[in-house]
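# Structure at a glance
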Amino acid sequence: MAAVKPKRHGPSMDMTAMCDVAFLLLTFFIMASSFKSEETVTIDTPSSISLDLIPETDASMVSIDKDGKYYFGIVDPSQRDDFAKILSDKYNLGLSNKEIVGFSTLSEVGVPMKQLKAYINLTEEQRMSYDLTGIPLDSTDNELVDWVKTFGESFSGSKITVRGDGGTPYPSLRNLFKEFSAADLNKFQLITKTEK
Amino acid sequence: MAEVQVKDSGGGKGKSKVKKGAGKPDMTPMVDLGFLLITFFIYTTTFSKPNTMVYNTPKELPPEDRVEQELDIKVSNTITIILGEDNRVFWYQKPLKEVTADDLVETDYSKEGIRTAILSKKSKALSPENWTVIIKPSDESTWKNSVDILDEMAITESNKKAVVELQQVEKEAYYTKIGKPIPAE
């Protein structure tokens, strides 16, 4: 009889450890990344060579769409509920806790304060078809300034970022800078895309 | 396990034994998927952030505090850029009061267009430390035009810049140049 052949194995590697690491990292990245809140309005920002990134926290965001309507948003989703509470108290909007949570899911608000409560209570589908008026900002009613100022008071040292659509006509921006400058808000960060 | 399947010859005769499961699942596809997702998450988290550009507007002083400053800005140290309709852009280098339609030079937003104009004027500036760019967006220009020009300021290192309104003289020159009537206020 022939000698007992040693059992041949193919080259093998223990992948358990690698798998562990991979999933640990995966879990970390999923946890660490913040999900994009539902966008109220699509804004295609112009591009620039600037490399500064948007501040992660303590930043309010004023968006201007193609039609020159103004929207208000908060970059850090975890600050939205605190802001909603303060805004509600300051202007007697009477938001309930549930509505404050509802507010924190919105990346932008495009309705005046008076309609805010009703707007939050709409379902997602209703919001899609809702006729957004934008937040008023002109010499008779500069409500947007109140929003931004309230945010500035709530979170000291906060920045104002301006996110304008590339196709927005300049007069809407001029109006924005004029009204804000009259309210002593002079420092802005313009949101742009990375130049390709 | 990542194993190269070696055909078990089984020694030819005899009953082929049913191989007992070793209790080790093949983890290769799982690891593959894991790393694919990691790559995806790393990519989306770092690159989804938009960039920002600092933009400060001058403080608005109440009328009584305004001092009429006699600014000694030499014309050769400045360039005025008018952002027009349909992505058109004009520049001139003249005292404001003397501007006519013929002084406006039309160019475009490309590297060879406005950037070359700024750089050539900048190199001829009498005192480069006072080099100032005056940006005047017209009512028909878009936000993209303004950002593009502000971007050019960063590229050409023109740190002194001002965004101001078109004056009546310039309006006349600009609208004559594009062949349109001056819009009513």
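Quick note: structure is the one above.
Here is a short report on the structure shown in this document. These numbers were taken from a predicted model, which means no experiment stands behind them. (Residues numbered from 1 in each chain as written. Chains lettered and ligands numbered in written order. Predicted model: local features only at pLDDT ≥ 70, side-chain atom pairs only at ≥ 80, totals over all residues.)

## Re unusual backbone geometry
All names here are of chain B. Backbone geometry at aspartate 86 places phi at a positive 45°, although glycine is not the residue there. Inspection of the secondary structure assignment puts aspartate 86 in the loop between strand 3 (78-83) and strand 4 (89-92). At glutamate 157, a position not held by glycine, the phi torsion is positive, near 55°. Within the fold, glutamate 157 resides in the loop between helix 3 (143-155) and strand 7 (160-163). (Helix = DSSP H or I, 4+ residues; strand = E, 2+ residues; numbered from the N terminus.)

## Examining the sheet that holds strand 3 of chain B
Residues and elements named next belong to chain B. Spatially, five strands are ordered 5-4-3-6-7 in an open sheet, and the strand pairing comes out mixed. The open sheet is flanked by strand 5 (105-107) and strand 7, the only strands paired with a single partner. Within the sheet, the average angular offset between the axes of one strand and its neighbour, ignoring direction, is 25°. Taken together, the three bridges between strand 4 and strand 5 define a ladder with antiparallel strand orientation. Of the residues in strand 5, the one forming a bridge with valine 89 is threonine 107. (Pairing = 2+ DSSP bridges. Axes fitted to C-alpha atoms, helices over the stretch in contact; angles between N-to-C directions.)

## Observations concerning the interface of chain B and chain A
Between chain B and chain A, the contact holds 41 residues from the first and 47 residues from the second. Counting only elements with at least two residues in the side of chain B that touches chain A, the list comes to strand 1 (2-3), helix 1 (28-47), strand 2 (51-56) and helix 3 of chain B. The element best represented in the side of chain B that touches chain A is helix 1 of chain B, accounting for 11 residues. Split into classes, the residues belonging to the side of chain B that touches chain A amount to 21 nonpolar, 12 polar and eight charged. Looking at chain direction, strand 7 (residues 187-194) of chain A and strand 2 of chain B are connected through six bridges and run antiparallel. Considered in strand 2 of chain B, the bridge of Phe188(A) is made with Tyr55(B). (Contact = placed C-beta atoms within 7 Å. Nonpolar A, V, L, I, M, F, W, Y, C, P; charged D, E, K, R; others polar.)

Fair warning: the whole summary comes from geometry, so function is off the table for now.
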